[in-house]
Amino acid sequence: MKTIKPLLREPRVVIAGGFLLLLLLIAIFAPYIAPKDPLEQDLMLGNMPPVTSPGAEPGYYLGTDDLGRDVLSRVLYGSRIALTVAFVAASLSAVIGTLMGLAAGWYGGWADRIISRLVDIWMAFPPVLLSVLLVAVLGSGLHSVIAAIVIIDWTRFCRVVRAETMAQARLDYVMAAETIGFSRSHILWREILPNVAPVLIAVVSLEMGIAVIVEAILSFVGLSLSSDIPTWGGMIAQGRQMIHQGWWVFVFPLIALFATVLAFNQLGNGLRKALDPVMRR
Amino acid sequence: MTQSLVAIEGLSAISTRDGGAPVLRDVSLTLEKGEVRGLVGESGAGKSTIAKALLGILPSTVKVTGGFIRFEGRDLLAMPRRELSDLMGREITLIPQDPQTALNPARRIEAQLTDGLRLKLGMGKAAAHERALQLLDEVQIRNPERVLAAYPHELSGGMRQRILIASAFALNPKLVVADEPTTALDVTVQKEILRLIRRMQEAHGTAVIFVTHDLGVVAKICDRVTLLYAGKVIEDGATAGMLTAPKHIYTSALIAAGPRYDRPNAGLEPVPEAVFRQLRAEIGIAERRV
Amino acid sequence: MTASDLLNRLFMAVLTLMGVAVIVFCLLRIVPGDPIAMMISPSATPADIAALRAHYGLDLGLPQQFGIWFMDVLKGNFGTSISQRRDVMELIGERLPATLELAFAALVFGVLAGGVIATLGTLARRTTLDPALDFINGLFLAVPDFVWALALVLLLGVFWPVFPLSGRIDPTLSTYFHTDFYLIESLVTFKFAAFGDLIAHMVMPMLALGLPLAAIVVRTLKEALAEAMVQDYVLLARLKGMSPLRLVLQEALRNAVGPTLTLTGVQFTFMIGGTVIVERIFSYPGLGNMAIDAVINRDLPLIQGIVLTFGAIFILVNILVDLIAGWLNPRGAAHG
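Residues numbered from 1 in each chain as written. Chains lettered and ligands numbered in written order. Predicted model: local features only at pLDDT ≥ 70, side-chain atom pairs only at ≥ 80, totals over all residues. Heavy atoms only, no water.

Colleague: Tell me about the overall build of chain C, and please be specific about residues and values.
Modeller: If you tally the helices and strands in chain C, you get 13 helices and zero strands. Start at the N end of chain C and walk to the C end: the helices and strands fall as α-α-α-α-α-α-α-α-α-α-α-α-α. Seen through its principal axes, chain C has C-alpha atoms that stretch 90 × 55 × 40 Å. Per element, the accessible surface of chain C, about 15800 Å² overall, is 69% carbon and sulfur. (Helix = DSSP H or I, 4+ residues; strand = E, 2+ residues; numbered from the N terminus. Areas by Shrake-Rupley, 256 points an atom, 1.4 Å probe, with all protein chains shown as cover.)

Here it is, written out as structure tokens:
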């Protein structure tokens, strides 16, 4: 496994990757880890501060929201939505964007002209406004959020893959493959794609961070999911409303959001750096 | 015996990046007032390191392990930062290698040519302008007013090198370090530039350290030559004597190799491997370092 | 850029804008929920509803609706807002200045802060401060405007409440403005109390938008400066006795701003997109905040108008950046 070793030498990959792995385990085993039911309301225990403050209710480590729901359990459960959106939305936009980018970069001509124009049009939309608009059109819910992210962010992959494909197409190994007599599509899948992959993997990681943010933004605006399902963005919006009564409802999901986005970002940048010299040139 | 302008005594240095590999081995040489001395060697021979040491701009990866560089008797390596920077640009100046990168593309020629006059001599704008016109006249540039108002990209390579020479001699320095100033120019321009440096040097009574890898250039301009290999002085003497009656087998091999020995294929006879083997044995390099 | 290049760019810009228009139009026609249903009173008769539908042109076929709408847009008529019952152009005209003032303030802040930090970092290169700066900047690069805005709400709004949490100006000041460019107007008419209040309201959204920009400016400018600082002309200037600060500012900076400028232009367009959520978080009465309300209210004409306005600004900024880059770099033209 000579590709894994240099990855482990890059501290950002190890630390960020380790954190995200932990987060994944939390998401999977949330029902076993969370001390309370994240939906259970107890109006007698509303707005309890975290354990470090005087007057805290034992067992509610990070306090409760105005409906008496346990903040810690809700933050832990929130990772489920965040990671689901991150993985599904990033993978789907990667697939669509890569296909479009390969087509534009490898076949050129009309394919390139149409796809590039489409990307230009897409770029002229403010992404937050477009995502809000799309969720309004598609109706709220997890599927809509994921669809909105994919519809907006495929261009990110398309642009990177198109540029990278064009750069690879100029290299000698492509000409060598052509002289041997491999077909265009054979060269594309067998020769070009593996060389584009390292950059692609890094962008997927960055995109996961962006997807987490977009989901939080949509939840914050109130368009993502019903308030029954704990999401970080939803908790932040709720915390923003009652920020003067209890900062903890706002702070802890914000920390979770921040750490997750930072981890995806650092993982992506670390991967880009670590993969570059190994697989290319 | 009178004091030499520059006296390098037993200078040794190592590269901290290259596992402490020596870059200069016990180098000694002197430079008299108004003299032109060639510093010759292939890349990595240490000629640039000596030039940089003279200018006080040794990179942080090079560490001096012994010896002195005396300029008019004062030790440059032990000189306080302030004194050194006062000396540089006034008494010791540089003609750089590549006129493409040695002029700031974003500033007009006048500003760059008068920097030294204004910063070191405190000249006013008008006086500096007059002096700049004189200098351009000295390096035979016609239309000096137009050239002063120009940006570097509007001028040819030869023209830019003339400006850099004018700038190097602007403050009547005692020593000019010329770092391969003709390498980046084509052959016809090279000759003119060499002649110009020689004339400027004579007119100002300036000593010149001429760094090059080209023995042909050395023959045209230098009074004396120091030949280096792997940081060690191999031969040192008057140019004419050394070119006609070389003492060291490496020197004769270089002369036989033709005007551009740094490109063996272009030369008449490449320097034989046996010569390098002997050189390494003399200096005491065990393994061949590529 | 030559005149024909510019014409070509403008043509492509119009094409892009038309693409935006078509997509918005199509998107909004498949919005579930009848916008008319939200504005009628319970006592309305079916005839009333039909009349209202006809008034907004909702009874026609889609291609016809698009044709009418598109011709109106060309005439600068975006129709009437359904939720606010006012002319869309008028509403946009009222809100756009607030957004523009915010975006430009953030742009100025980001470029200035980024430029100063990049310069200091260049002066401090080869010291321990330099890697520390790069590390912190890396963290700043990873944090998007949304998270900044929320963190600022917490830090400067709640824990250490120095700035007002929401709005554009304190309504109790009851200052009367002739234009919607409050900040500029208060400055040129010497209404300093109002100006100070406007600035205080603007600080947090401006920071949220400007900090990510500053981080990007720091990174690109520092890289470009490092490249310029090892050039021979910098060495020559140093030998001539130029001070380190002047070396950076006079010798290196002018040759290093090129890539930073282009990137700043691109980032500025992203930043204008970012105003949408940042305005929302700080209840800042700009175009973006109104856009989200319009979506929630299913206000089709207003959404169309706002999205097209954003698209036009985006394209305009891109062309401007190209023009400025070409103008700043005469060598590009000279070398062909």
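Colleague: Any chance you could break down the environment of R198 of chain B for me, citing the residues and the numbers?
Modeller: Residues and elements named next belong to chain B. As for its position among the elements, R198 is in helix 7 (residues 187-204). On the basis of relative accessibility, which here comes to 22%, the residue R198 falls in the partly exposed class. Sequence-wise, R198 and F169 are 29 residues apart; in three dimensions their C-alpha atoms are separated by 12 Å. Look past the residues within four positions of R198 in its chain and what remains in contact with it is V36, I221, C222 and D223. (Buried < 20%, exposed > 50% of the residue type's maximum accessible area, 1.4 Å probe, protein only. Contact = heavy atoms within 4.5 Å.)

Colleague: Could you give an account of a nonpolar patch on the surface, naming the residues involved and the relevant values?
Modeller: Residues and elements named next belong to chain A. Residues L21, L24, L25, I28, F29, Y32, I33, F87, V88 and L92 make up a contiguous nonpolar surface patch of roughly 940 Å² in combined accessible area. Taken together, the elements giving at least two residues each to the nonpolar patch come down to helix 2 (11-28), helix 3 (30-33) and helix 4 (71-107). Considering every element that reaches the nonpolar patch, the biggest residue donor is helix 2, with four residues. One can find Y32 in helix 3. (Patch = residues over 30% accessible without salt bridge, like charges linked within 9 Å, V, L, I, M, F, W, Y side chains within 5 Å. Salt bridge = Lys/Arg side-chain N within 4 Å of Asp/Glu carboxyl O.)

Colleague: I'd like a description of helix 4 (residues 88-123) of chain C, backed by residues and values.
Modeller: Residues and elements named next belong to chain C. The end-to-end C-alpha distance of helix 4, which contains 36 residues, comes to 51 Å, matching closely the 52 Å that a straight helix rising 1.5 Å per residue would cover. Of all the bends in helix 4, the greatest reaches close to 30 degrees and is centred on R95; the proline P97 follows between one and four positions later. Its side-chain oxygen 3.4 Å from the backbone nitrogen of M89, D87 forms the N-cap of helix 4. (Expected span 1.5 Å × (residues − 1). Bend = angle between axes of the 7 residues up to and from the residue. Polar contact = N/O pair within 3.5 Å; in protein donor to acceptor, adjacent residues only side chain to side chain.)

Colleague: A description of the interface of chain C and chain B should follow, citing residues and the corresponding values.
Modeller: Every contact between the two is made by 18 residues of chain C and, on the other side, 22 residues of chain B. Summed over both partners, the interface of chain C with chain B comes to about 1900 Å²; 60% of that surface belongs to carbon and sulfur atoms. When the area that chain C buries against chain B is broken down by residue, the three leading residues are L236, L239 and K240 of chain C, summing to 35%. The interface formed by chain C and chain B contains one salt bridge. For the salt bridge of R107 of chain B with E251 of chain C, the shortest nitrogen-to-oxygen distance reads 2.2 Å. One can count eight residue pairs in polar contact (both at pLDDT 80 or more) joining chain C with chain B. If you list the elements that add at least two residues to the side of chain C that touches chain B, you get helix 9 (232-239), helix 10 (244-281) and helix 13 (330-335) of chain C. (Buried area = accessible area lost by both parts, 1.4 Å probe.)

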